[in-house]
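Coordinates in review
Residue-level listing of the chains:
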Amino acid sequence: MEESREPTRGTGGCCSGRSGPVRGSSGRLRLDAPQLRRLLGDSGVHAELQNTRMARLLPPAGTEVFRRLSPASLQEMEHRQQEEEEERQRRKEQKIKVELEAGKPLPFFYGDPPPELLSTPLEELDPYYQSQKTFIVVAKGNVVHRFDAAPSCFLLGPLSGVRTAAIRLLVHPFFSVFMMVTILLHFVLMASSWQPGWGEAPEYVFTAVYLFEVVVKVLSRGFCVGRFSFLRDPWNWLDSVLIVLACVRFCVTLVNLSALRTFRILQFLSTVTQGLKTTAGALVQSVKRLGDVMILTVFFLSVFALIGLQLFMGNLRHKCVIWPINFTDIDTSKPFSFQEYITNTTNQYYLPGQLDALLCGNSSDAGMCPEGFTCIKAGNNPNYGFTNFDSFGWAFLSAFRLMTWDFWENLCMLTLRSAGKTYVIFFMIITFLGSFYLLNLILAVVVMAYTELNEGIAAEAKRKEDEYNQILKALKKREKEAACGHSASAEVKTHEQGHTAVDEKEKDRRTCPSCCYDFAGGVLKWNCCGCWRQVKQRLHAFVMNPFFDLGITICMIVNTIFLAMEHYPMTAAFDEMLCIGNLVFTGILVAEMLLKLLAMDPYYYFQVGWNIFDSIVVFTALLELVLADVSGFPLLRSFRLLRVFKLVKSWLPHSRPWKIIKNSLGALANLLLVLFIVLIIFAEVGRQLFGRSYQDCVCKISYDCELPRWHMNDLYHAFLIMFRALCGEWIETMWDCMEVAGQAQCLIFYMVFVFICKLLVANLFLALVLSAFRNTPAATEEKSNMQIAMSRIWTLLGKSHAEPEHAGVDKKAEDRKEYLALTSVASDQPSSDALAAVRVPLATDDDSDDLMEKDTKEDFHKQPSVCSTMMKTPVAAEKKEEDLKSRQPKDCCDAGCYRCCPWLDVDVSRGPGKVWLHLRKTCFSIVEHTSFEAFMTVVILLSCGVLAFEDIYLEQRPALRAILEYTELVFTYIFVTEMLLKWVAYGLRAYFTNAWCWLDFLIVNVSVMHLTASALGFSGISPLRSLRALRSLKTLCRCEGMKVVAGALVGAIPSLLQVLLVCLTIWLIFGIMGVNLFAGKFHYCFNETSEEYFHREDVGNKSECLMLVGMDYHEVRWKNIRINFDHIGMAYLALLQVATFKGWMDIMYAAVDTTKIEDQPFYEANPYMYLYFVLFAIFGSLFTLQLFTGVIIESFRQQKAKLEEADVFMTESQRKYHKAMKKLGSKKPLKPVPRPQNACQGLVFDLVTNKWFEIFVAVMICLSMVVLMLETDDQSEEKEVILYWMHFFFISLFTVECCLRIFGLRRHFFADCWNILDFVVILMSVVGLFLADLIEKYFISPVLFRVVRLTRVFLVLRLIRFTKGIRMLLGTLKKSLPALLSVGVLLFLIMFIYSIFGMYSFAYVKHGGATDDMWNFETFGNSIISLFMSTVTGTWDGMLFPIMSTPPDCDPYLGNPGTSVIGDCGKPTAGIVFFSSYVILTFLMAITFITIVLESYRELTEERAEPLCEDDFDMFYENWQRFDPAASQFIQYSALSDFCDTLLHPLRIPKPNAVKLMNMDLPLVSGDKIHCLDILLALTSEVLGDSGEMDDLKASVKERFMANNPSKVSYEPVSSTRSKKQEEEAASVIQRAYKKHQEEPRKQGKEEPGDIPAEEDEKLPVLPPAEEQSIA
């Protein structure tokens, strides 16, 4: 420290004799050191300087200005830096108080601010903002507003009078209300068709108001500087843009920019309830997360579009043209033009009622032309020319249309008719990947965003509640401490004050003034006298009796039946009976209400929600009776339907679906409000953009030049178009829009709408339902009044339940049944052992050993049934084979059979019993053998394939028919033999206690009955023949995937039935309403010759139509549409079509055109009937049907949780550790491709393994895709030549690239699947390029080679390792693909069964609707394609239409050539059951697809959120390859530090890491090597935290790893990193001591004999620590 006191040398310190301050060369004032010391010596001056900003730059008083740098200085700097870092970290970790955010009410514990402080600037309360120069303003209602303290617009400070006035105006509640009313009024004026003669005056007024709002906000908040300034709010950006556009519009004429003003209504989202903000926030979060999904979707759609472009380019222009040409009808005055002839629509074939000509194809399985026509490529494409694959853009639109399932069946029919039925595979693939995967992936993102947002809000609310509870506890504790010092009188006073406080708290909860409660208490409480109170008590006991509720419920059920009995036509007597019934039930409701009023008093009666509902029902019923004879009130009948909800009152406590609906009503209201706002915005924008175009160009889309039903000329119809597009039907209205208003604008408008509404808002319905499922507990076990009454009735009847005694047994039996449903454990197999295998803790050695191959849960899941021997547990396969030798067949019968028939109990040790036992053993070994199971699987598949040949042409092929009859006989014998073998092998008891065996038994009985009936010559056995299709169900127990899916669906049946009952109840209400509104009104008078409706002026009602029929106008008929509302059964079918949005247009058109019963309808006579279908679509389809999805998802999760019950025994940290260990054990290091020794090959190797080379190849692949996109159908020859040479260039480039890879990688090239795919694609591309003509002439079409060439596009997926988001999405596909394939196979199985049923039932139905010569049930191929297009989103209504035909629409006596079947009429009842059940089953399959994708995405998202995921382990081994090229699984200890530094977060340990690595104490083997597993386990423990409870799991993982990788077995640890470090330190100490010992004699000039000279000692090499240790 003496050095620091040396005199310092300044530039003028010694030379200058001036005593005052001097100025340096820079002109700044400078003090000498003595002057500075004297100045700082004054304590007052020093204190003043410390208060200034320069105080921290001045040195402490009494010290020198300049000090020499010393170790103490370095320590001080480190200490100061550490303090600053801690302060920075503290500020970073400090969070904003959510309860003090802007826009939220002030928390109650702050109290109410004084009135004079309201709307005035106040100091900041949030500690987070106290250092950020902000202040708050508390407005009326204690709402917090936050502002920047910086001057607004650099002029107005926070205390400026102008700014204060602007703030007062801005935070006033009436200012927001005024602006909202202004926006709403502006929107109403814009949307209104009534335009007064004000001109532009309203626009000037509204613009001035908006400009005034902006000025107020800018003055109060500032413009852009500051966190809370004007432009920091996105809503203000919207205001600014709209105001600027409005001002520009006043100066310059702009087209259609006025439509943007509609978006102002979005401001409602920022000013309403928290629930609405949550819904809007979920939409915003979904948009942020959809980036990767949209990239993947566009990629897949581009690939499908390119495939469609190559396959179907120009095919949709093939039409049937009259051929040969009739030259007598051609004008000979001008030269003949062949092109003009074929494009003339009069020479093309049109089906009746179709706008486009009939398409055809030239392949064998394509559509054929009628006689006299030939198939020629001519004219435009269908649907105004917008449906085609002639260019990439139109092909992409078609692929997007297929993915969204909008009118996709029409595109599929047109394409298959022109190209051939074989290409249905293309549509199946795009449906599977596009609809079932990509759409559900978007759905998963939306659901996850909504779920996480709700969970965050719930967690924040819980945190706030806990904080408030802590504050309340602290306040109570403080009051209690203050009250301890008071006297007894003070305690009495405190007690009275407590009662007063409670009363005041109850008064605060009241929403009405106290006078109202005083008045209600005096008037509505009827306590007149003691006698009256006794009467009230007896009435109260009566109305609260369970039998009273039971009686009312029974009356409501009967009333509902009466309501559902209305139909058309009804007799007068039946109508009178319904009227009398209505009077009776109205009287019962009135009596119930009066009795409860008298028993409870009105004061308490109206405090119950259900009582208020009952009073509304009674009031509407009485109002209907009063206004029964008054016209104009037909909707009052619909209020009777409110009585149905009275059933929910007794149903609600024990029905979880009703609870879910009740709990989700608030969120549903918010979602509907958001949906309405979005729809109304798009409707108004569409009206502004395209409304005039519809009016001016209406002749392009309407033959009579009148506006069609779907147009945007007014807001109401524009809203209906938007709602129809929301329901999934946007393509047809978009075609009309593109035809009248242009393609670009309409495409952009509709694509934006589909993305926002169809893909985001509509998916929120499912997110809402799933959130309600999570937040709704199970149904209560408390008995309701109805259950109490029913139990009393059973008690009186002597059938009392013994529920308490058997509750536990029933519960266990129920659990066991659910397990059996999932695993198919045979009833004779002890289930306790299997369950024990699931419920043991996973933290044991034995269980953790099984983690690496198959989890114990999966082993239990794969236990076979007695009817299937294929599913053997892989882990226990050897044990099964050993047990098979000693296993004995079980008893044939149970104990009861042996008691009834003692002769069945025989001695098996001798005589016939021994022979019987040997026979059973032989049969058992046969049926348990895998070859037998494989043989039976082949037989089942062959028997199912044989059924496909039994079509309408079978009778014309006698040889084939004989072969099929013989094969049927053989298959039946085989199945009977199988059944008998299993009877003998397993015994009757084991066989008939298994569900799968019962299925086999029934199927075999069907085959036997069919053969018996055929042998006896019975007619009418077609139903039995069709039941043979159930044989395909035998494959369920032999396919593990389908078995699991079927078991899960069976397990969900109870919950599905509850939801189905709820759904049917809601549909019943709409069905009864539909019957009341439309029964008998769908009839019309029709001219069958011209196929036209009669105008209302010509025929006004049924009488006039029948009058024309009586005048021998045979072509005139009074008809009814086949799907109507004439009775409740048909109403359910109509609602099913509306719910699936198939066939609902015709029903809706008929409803909108209705007038009165038996009156002729006319065009849009009742346009507001659209709202009936809008309401049903929302509540009956978009919301209610999502309950099925929620039930199946919850069922899957519950069953999965039961199978994963072992996890219950683990803590959260243990569970995370267990998952990490499971992923860790499945990985092992891979050996990289060695670099060749040859120099040339080495250069090529370095080139092809460089990542930039990979990126270059990917770019070239993308460019080749772009070249493929440039192809069009009508391209010129020059363009075709250019594209050919570009294809040649890319194929040559890729060929060179492939050759380089083969040359550089050698044989290792073919070890990579991507390289093999690359090689095959290039080979086929080269062959297709050079040998296309030869292949086309002699083999197959070269178009297939062009499609195969597209598979190279998928090589871009190599780069997914650089994109984590897309990698996770493809991981979702990979994870869910097995389950998706299982569900797909199960769906195909359903389609196969129904196609066989359809061939036997509807093969001879007259064509009509969607059935024609290609799509029918005449052959198996046509049937399966028709059912594929008749799924839940397909044209099942069109397939049902001809089946509903009855005479005179068909001929029941028409002969069918080549067969003995008579008639072409349909079977309405069978058709309704057939298609309704098919739609329901396919709907459940679609829900299962959704469930699988949702669960896979959720699990992967949760895995990504974990501290360690699979990508981290992959990254570890990728880095390991660079340090261990030979894949020896060991690296040198010296490379450990570098290796850990090259890893990525969270496994990375950055340098300097020597101390941390030493503390890990990693084991070392001989040669100072460390094994990869030891390093990975140590790094995992570093991330997750180590605990002694996981040591056994670590040991198990190591044992499993060494068993799979024996390279480590021969290496035993000889040391550890900690010991290694200690040895190195010890060796260093020994070296220093030895050198010091050698140097001491040298310093004294003495050298001992044998000492090494100093200069020689320095030349000696330093020994490695290991050798020094050995020397020591």
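All of these numbers come straight from a predicted model, not from anything done at the bench.

1. Some words on the overall build of the protein chain
Counting its regular elements, the protein chain contains 64 helices and 14 strands. Relative to its 1672 residues, the protein chain shows a buried fraction of 45%. Counting only contacts in the protein chain whose residues sit at least 6 apart along the sequence, the fraction spanning at least 24 positions is 74%. For the protein chain, the computed accessible surface area is about 87,300 Å², with 62% contributed by carbon and sulfur atoms.

2. Description of the packing of helix α17 (residues 572–605) against helix α18 (residues 609–626)
Close contact between α17 and α18 brings their axes to 9 Å; oriented N to C, the two are set at 140 degrees. On the basis of the axis angle, α17 is oblique to α18. Where α17 crosses over α18, the handedness of that crossing is left-handed. Of α18, the residues touching α17 (which contributes Asn582, Leu583, Thr586, Leu589, Val590, Glu592, Met593, Lys596, Met600 and Tyr605) are Asn611, Asp614, Ser615, Val617, Val618, Ala621, Leu622, Glu624 and Leu625. Classifying every residue of the contact of α17 with α18 by side-chain character gives 11 nonpolar, four polar and four charged.

3. Observations regarding the state of the cysteines
Applying the stated criterion across every chain yields a total of six disulfides. Here cysteine 737 pairs with cysteine 746 through a disulfide, and the sulfurs are 2.0 Å apart. For the disulfide bridge between cysteine 737 and cysteine 746, the dihedral angle about the S-S bond is near -75 degrees, and by the sign convention the bridge is left-handed. Judged by its relative accessible area of 0%, cysteine 746 falls in the buried class. Paired by a disulfide, cysteine 1085 and cysteine 1105 hold their sulfur atoms 2.1 Å apart. Its S-S torsion of about 80 degrees marks the bond between cysteine 1085 and cysteine 1105 as right-handed, since a negative value means left-handed. Within this pair, whereas cysteine 1085 is found in strand β8 (residues 1083–1087), its partner cysteine 1105 is found in helix α41 (residues 1102–1110), the two being separated by 20 residues in sequence.

4. What to know about unusual backbone geometry
If a residue is not glycine, its phi is most likely negative; likewise, a peptide bond is most likely trans. Omega for the peptide link from tyrosine 568 to proline 569 comes to -5 degrees, which places this bond in the cis form. Along the polypeptide, proline 569 turns up in the loop between α16 (546–564) and α17. Of the consecutive residues lysine 1551 and proline 1552, the connecting peptide bond is found in the cis state with omega at -5 degrees. With respect to the element layout, proline 1552 can be found in the loop between α58 (1536–1542) and α59 (1554–1560). A positive phi angle, near 65 degrees, is found at glutamate 1158, a position not held by glycine. In this fold, glutamate 1158 is placed in the loop between α43 (1144–1152) and α44 (1170–1183).

5. Side note on helix α10 (residues 392–404)
In this model α10 runs 18 Å from its N-terminal to its C-terminal C-alpha over 13 residues, within 8% of the 18 Å that 1.5 Å per residue would give. Turning to α10, its buried residues number three or more, namely Phe392, Trp394, Ala395, Leu397, Ser398, Ala399, Phe400, Arg401, Leu402, Met403 and Thr404. Two residues or fewer after α10 comes tryptophan 405, characterised by a positive phi angle close to 60 degrees.

6. Observations regarding the environment of arginine 146
The topology assignment puts arginine 146 in strand β5 (residues 144–148). Beyond its immediate chain neighbours, meaning those up to four positions away, arginine 146 contacts Leu100, Glu101, Ala102, Glu124, Asp126, Tyr129, Thr134, Phe135, Ile136, Arg221 and Phe228. In terms of polar contacts, arginine 146 uses its side chain to reach the side chain of glutamate 124, at 2.9 Å.

7. Considering the sheet that holds strand β4 (residues 134–138)
Taken in spatial order, the three strands line up as β3-β4-β5 in an open sheet, and their pairing is antiparallel. Of all the strands in the sheet, the pair left with one neighbour each is β3 (121–122) and β5. Pairing of β3 with β4, which is carried by two bridges, proceeds in the antiparallel orientation. Within the sheet, the bridge partner assigned to proline 121 lies in β4 and is valine 137. Helix-sheet contacts for helix α4 (residues 161–171) involve β3, β4 and β5, and the interaxial angle to β5 is about 145 degrees.

8. So, the pairing of β4
The side chains of a regular strand alternate between the sheet's two faces. Among the five residues of β4, five are classified as buried, and the element is accordingly described as predominantly covered. The alternating pattern of β4 places Thr134, Ile136 and Val138 on one face and Phe135 and Val137 on the opposite face, and all of these are buried. Here β4 pairs with β5 via five bridges, running antiparallel. In the sheet register, isoleucine 136 faces β5, and the bridge partner there is arginine 146.

9. Quick look at the packing of aromatic side chains
Tallied over the entire structure, the rule returns 74 aromatic pairs. Ring geometry for phenylalanine 562 versus phenylalanine 585: centroids 5.5 Å apart, planes at 75 degrees, classification edge-to-face. Pair noted here: phenylalanine 562 is in helix α16 and phenylalanine 585 is in helix α17, with a separation of 23 residues, a long-range link. Phenylalanine 562 sits in the partly exposed class, given a relative accessible area of 22%. Here phenylalanine 585 falls in the buried class, since its relative accessible area comes to 7%. Seen in terms of ring centroids, phenylalanine 1417 and phenylalanine 1474 are 6.0 Å apart; in terms of plane orientation they differ by 85 degrees. Their pairing is edge-to-face. One end of the pair, phenylalanine 1417, is in the loop between α53 (1364–1402) and α54 (1420–1428); the other, phenylalanine 1474, is in helix α56 (residues 1468–1505), and 57 residues separate them in sequence. For the pair phenylalanine 1417 and phenylalanine 1474, a shared accessibility class is recorded, and that class is buried. An aromatic cluster is built from Trp1067, Phe1070, Phe1078, Phe1082, Phe1125, Tyr1172, Phe1173 and Phe1176, whose rings are joined through pairwise contacts. Arginine 221 extends its terminal NZ or CZ atom over the ring of phenylalanine 147, reaching a point 4.5 Å from the ring centre.

10. Some points on the confidence of the model for the protein chain
Of the residues in the protein chain, 75% reach a pLDDT of 70 or more, and the chain-wide mean stands at 77. For residues 1–31, every residue scores under 50 in pLDDT, and the model assigns this stretch 20 contacts once sequence neighbours within four places are set aside. Low pLDDT (under 50) marks residues 49–59, which in the prediction has six contacts with non-local residues, meaning those over four places away or in another chain.

11. Examining the packing of α53 against α56
Any two packed helices are characterised by the angle at which their axes cross and by the distance between the axes. One way to put it is that α53 packs onto α56 with a least axis distance of 8 Å and a crossing angle of 175 degrees. Between α53 and α56, the crossing angle belongs to the class labelled roughly antiparallel. Partitioning the contact of α53 with α56 into residue classes produces 22 nonpolar, 11 polar and three charged.

12. Considering the sheet that holds strand β10 (residues 1116–1120)
Read across the sheet, three strands follow the order β9-β8-β10 without closing on themselves; strand pairing throughout is antiparallel. For this open sheet the edge positions go to β9 (1092–1093) and β10, each flanked by a neighbour on one side alone. Pairing between β8 and β10: five bridges, direction antiparallel. Bridged to phenylalanine 1086 within β10 is arginine 1117. The strands touched by α41 are β8 and β10; relative to β10, the strand with the most contacts, the crossing angle is about 140 degrees.

13. Re a nonpolar patch on the surface
A cluster of nonpolar side chains, contributed by Val1050, Ile1053, Leu1057, Leu1060 and Leu1064, occupies part of the molecular surface with about 400 Å² of accessible area. Among the elements that line the nonpolar patch, the one with the most residues is helix α40 (residues 1053–1078), at four residues. Within the element layout of this structure, leucine 1060 appears in helix α40. The exposure class assigned to leucine 1060 is partly exposed, which follows from its relative accessible area of 33%.

14. Observations concerning the pattern of salt bridges
Counted by the stated rule, this structure contains 35 salt bridges. Across the pair lysine 377 and aspartate 1273 runs a salt bridge whose closest N-O atoms are separated by 2.7 Å. Placement of the pair is lysine 377 in strand β7 (residues 373–377) and aspartate 1273 in the loop between α48 (1251–1269) and α49 (1277–1305), with a sequence separation of 896 residues. The salt bridge partner of arginine 1031 is glutamate 968, with a shortest N-O separation of 2.2 Å. Note that arginine 1031 is positioned in the loop between α38 (1022–1027) and α39 (1040–1051) and glutamate 968 in helix α35 (residues 958–986), a separation of 63 residues in sequence. Overall, the relative accessible area of 0% leaves arginine 1031 in the buried class.

15. Here's the deal with α16
With 19 residues, α16 extends 27 Å between its outermost C-alpha atoms, agreeing within 8% with the 27 Å of an ideal straight helix rising 1.5 Å per residue. Elements in contact with the buried residues of α16: α15 (530–543), α17, α19 (645–651), α26 (785–796), α40 and α42 (1128–1139). Where α16 begins, the side chain of asparagine 545 points an oxygen toward the backbone nitrogen of phenylalanine 547, at a separation of 2.9 Å.

What counts, and at which threshold
Residues numbered from 1 in each chain as written. Predicted model: local features only at pLDDT ≥ 70, side-chain atom pairs only at ≥ 80, totals over all residues. Heavy atoms only, no water. Helix = DSSP H or I, 4+ residues; strand = E, 2+ residues; numbered from the N terminus. Buried < 20%, exposed > 50% of the residue type's maximum accessible area, 1.4 Å probe, protein only. Contact = heavy atoms within 4.5 Å. Areas by Shrake-Rupley, 256 points an atom, 1.4 Å probe, with all protein chains shown as cover. Axes fitted to C-alpha atoms, helices over the stretch in contact; angles between N-to-C directions. Parallel < 35°, antiparallel > 145°, perpendicular 65-115°, else oblique. Left-handed = near helix turned anticlockwise from the far one by under 90°. Nonpolar A, V, L, I, M, F, W, Y, C, P; charged D, E, K, R; others polar. Disulfide = S-S within 2.5 Å. Expected span 1.5 Å × (residues − 1). Polar contact = N/O pair within 3.5 Å; in protein donor to acceptor, adjacent residues only side chain to side chain. Pairing = 2+ DSSP bridges. Phe/Tyr/Trp six-rings, centres within 6.5 Å; stacked < 30°, edge-to-face > 60°. Lys NZ or Arg CZ within 6 Å of the ring centre and 35° of its normal. pLDDT = per-residue confidence, 0-100. Patch = residues over 30% accessible without salt bridge, like charges linked within 9 Å, V, L, I, M, F, W, Y side chains within 5 Å. Salt bridge = Lys/Arg side-chain N within 4 Å of Asp/Glu carboxyl O.

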